[in-house]
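# Descriptive structure summary
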Amino acid sequence: MDFLDRKEDMERLRTALLRDRKQFVVIYGRRRIGKSTMVKKVLNFERGDIYFMADRTSEASQRQLFSTVAALSVEGFDLATYPDWRSLLINLNNRLQHRITVCLDEFPYLVKSCPSLPSVLQNFLETVDRKFDLIICGSSQQLMQGLVLKKDEPLYGRADEIFRMKPISPAYTMQAMNCTAEEAVAEYSIWGGVPRYWELRNNFSSMEAAIESLLLNPGGTLYEEPARLLHDEMRDTVQASTLMSFIGTGANKLSEIAARAERPASDLAKPLANLRELGFINRHVPFGVDEKKNKKSIYFISDPLLRFHYHYVLPYRSILELGRGRTVLDVFLGQQSDYVAQCWEEICRNYVSGNVIEGIIYNKASRWWGDIMDDDGNAVPVELDVVAESMDKRHLLIGECKWTGREDALTMKKRLDMIVRHLPFRKRFQKVHLCLFLKKMPTNASCIKVFQPEEVMREV
C-alpha cells in the first residue's frame, strides 16, 4: 500500500534536517500509525544514516545491538565495548567524517532499561559539538509527551521539532482500499485512520472476511490490539479498559459511567481525561454550551477499532473463544447501519468544521441535544447531528445525518424547520441553512441541500 497523507510531515522533517544547526527531533504517536515508515523514508542510508529499533532487552544488550547497527555506517564501531550510553554517543560522534542522522526508535524501551538516558542525552546535546542530527521516536504517547513537554524533565525545551502523528484523514480511505466513497465510510468505521490496519484489511477479499479473521478470531492479528494500545499508555490498564467497556456498551453520561463503576464521578475525571488526551474517547457537549460544563457532557469511543472491540469483541468474548466468530459477525451485520451512522456523523461534523460551504466559512461543528417548546407549549426532546456557526456569526448551519436507505428529503426538512423555530441558541439575526448528510440521494432532494459520501469523503 502506498504511503498516504504524510507529505506535510515528511517535508517538515526533511526541512529540519537540512538546517545548518544539528537538530533534535521528537516523533510520537500510537503504534502502527506510520512513524517508523515515515522516518525510514526520510533517512538517507547511502549517506550513512543510522536507524535503530529498540527492544525490551537489558541496557547492555541495547548498546551492543546499537553498535552492531552503527557498524554498517561506521566501520568497526561494534568492535569496542561501551560501558554506558554517553561513551557510545561520544565515540560515535568522534568517528563520523560527515553529518548524518541517527534515529532511536521505540525510545521508551531504552528509557525503561536505562532511566538515566534522558539526562545523558540532555548533557550530550548541550555539551558536545554534534556531527549528527538525532531523532527519537516512541509509541507511548504519554511517556514521550512527558519526556519533552514536562518542565521538570531533562529533555524539556531541547527539541527543535516535535511531531505528534495522528490517524490519517478519512479522505484517504478510498485510495487505500480502492473502494467507493460509500464503502470507504463503512471501512473507516472499523479500521479508522491507522495505515497498518488498512494494510491488514487489504489482505482479504471483503470487509466481513477481514473482521472475522482479524478482530473476531482469538488468534487474529488485531484481536488483542486494544490491550496492547492501553498497555503502551496506561499504568492501570484494567481501569482504562473497564471505563472503555462501559462507554462502548452505552454508558455515555458521566453519572452512568460512575454508577457502573460504583465510584464517585469525581474519581473518574483524571482517567477519562487521559483517554481523551490519547485520542481514544471524545467528550461532547451541546452546541453553545461551555466545554467545561461536565453536567451536559457525554462520552463516546472515538477510535473506530476500539469502538468495535468494546461493542462486539469484549461483550462476546466467551463465544469468540469457542471459535464462533461468525455468530458475532452476524450480530454486527444486523446492526451495521446504526454502527456506521455514528462514525458518519463524526465525519460530517469534521467536514463542516472550518470548511467553506456555499461561500460561508463555518467554525467547529458540534452536536446539540436538549428540549424545545413545540407550538402547543410542550417540552419536546430533540437531537441535532450537525450544528455550526459561521465565522462572522451571521449564519447557522443545521444538518441531519442518516446512514440508511432512501429517505424523503421533504419530510426531513419539515422536521428541521419545526425545530429551528424553537431553538434556544439561535440568534434572531442569523440566517439558517438546512442540509442533509445521506448515504443515498433522497426523494424530493431539490427542497434542501444534500451531501453524500462522494463529496464529504473527498474533503474531510
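See above for the structure.
Right, let's walk through the structure included here. (Residues numbered from 1 in each chain as written. Predicted model: local features only at pLDDT ≥ 70, side-chain atom pairs only at ≥ 80, totals over all residues. Heavy atoms only, no water.)

## Here we look at the sheet that holds strand β3 (residues 100-105)
Adjacent strands of a sheet pair through backbone hydrogen bonds, lying either parallel or antiparallel. The 5 strands lie next to each other as β2-β3-β4-β1-β5, forming an open sheet whose pairing is parallel. Since the sheet does not close on itself, it has two edges, and those belong to β2 (50-53) and β5 (161-164), each with one partner. Within this sheet the neighbouring strands show an average axis-to-axis angle of 15°, counted without direction. Taken together, the 4 bridges between β2 and β3 define a ladder with parallel strand orientation. Counted as the bridge partner of Ile50 is Val102 from β3. Together, β1 (24-28), β4 (132-138) and β5 form the strand contacts of helix α7 (residues 141-149), whose direction differs from that of β1 by roughly 155°. (Pairing = 2+ DSSP bridges. Helix = DSSP H or I, 4+ residues; strand = E, 2+ residues; numbered from the N terminus. Axes fitted to C-alpha atoms, helices over the stretch in contact; angles between N-to-C directions. Contact = heavy atoms within 4.5 Å.)

## Some remarks on the pattern of salt bridges
For side chains bearing opposite charge, pairing can occur when the charged atoms are close. Summed over the entire model, instances satisfying the criterion amount to 26 salt bridges. A salt bridge links Arg317 to Glu321; its shortest N-O distance comes to 3.8 Å. Here Lys427 and Glu389 are joined by a salt bridge, their closest N and O atoms 3.0 Å apart. Here Lys427 is found in the loop between α19 (409-420) and β13 (431-438), whereas its partner Glu389 is found in strand β11 (residues 379-389), with 38 residues between them in sequence. (Salt bridge = Lys/Arg side-chain N within 4 Å of Asp/Glu carboxyl O.)

## Looking at the packing of aromatic side chains
Following the criterion strictly, the structure yields 16 aromatic pairs and no others. Ring geometry for Phe66 versus Trp85: centroids 6.0 Å apart, planes at 70°, classification edge-to-face. Of this pair, Phe66 sits in helix α3 (residues 59-70) while Trp85 sits in helix α4 (residues 85-95), and the two are 19 residues apart along the sequence. Taken individually, Phe66 and Trp85 each receive the classification buried, so the pair is uniform in this respect. Between Tyr351 and Phe437, the aromatic rings sit 6.5 Å apart at their centres with planes inclined by 75°, giving edge-to-face as the arrangement. Of this pair, Tyr351 sits in helix α18 (residues 325-352) while Phe437 sits in strand β13, placing them 86 residues apart in sequence. Taken together, the aromatic side chains of Phe308, Tyr312, Phe332 and Tyr339 make up a single cluster linked through ring pairs. When the ring centre of Phe163 is taken as origin, the NZ or CZ atom of Arg12, which lies over that ring, is 3.9 Å away. If you follow Lys449 out to its NZ or CZ, it ends over the ring of Phe451, 5.1 Å from the centre. (Phe/Tyr/Trp six-rings, centres within 6.5 Å; stacked < 30°, edge-to-face > 60°. Buried < 20%, exposed > 50% of the residue type's maximum accessible area, 1.4 Å probe, protein only. Lys NZ or Arg CZ within 6 Å of the ring centre and 35° of its normal.)

## Thoughts on the layout of surface pockets
Empty space within the second largest pocket amounts to approximately 800 Å³. Lining the second largest pocket are 21 residues; nearest its centre among them are Ser140, Gln142, Leu143, Asp232 and Glu233. Elements supplying a minimum of two residues to the lining of the second largest pocket: α5 (107-113), α7 and α12 (225-233). Of the residues that constitute the lining of the second largest pocket, the class distribution is 6 nonpolar, 6 polar and 9 charged. (1 Å grid on protein atoms, 1.4 Å probe; cavity = no way out; pocket = protein on both sides within 12 Å on 5 of 7 lines; lining within 4 Å. Points joined across faces, edges and corners; volume = space filled by probe spheres on them. Nonpolar A, V, L, I, M, F, W, Y, C, P; charged D, E, K, R; others polar.)

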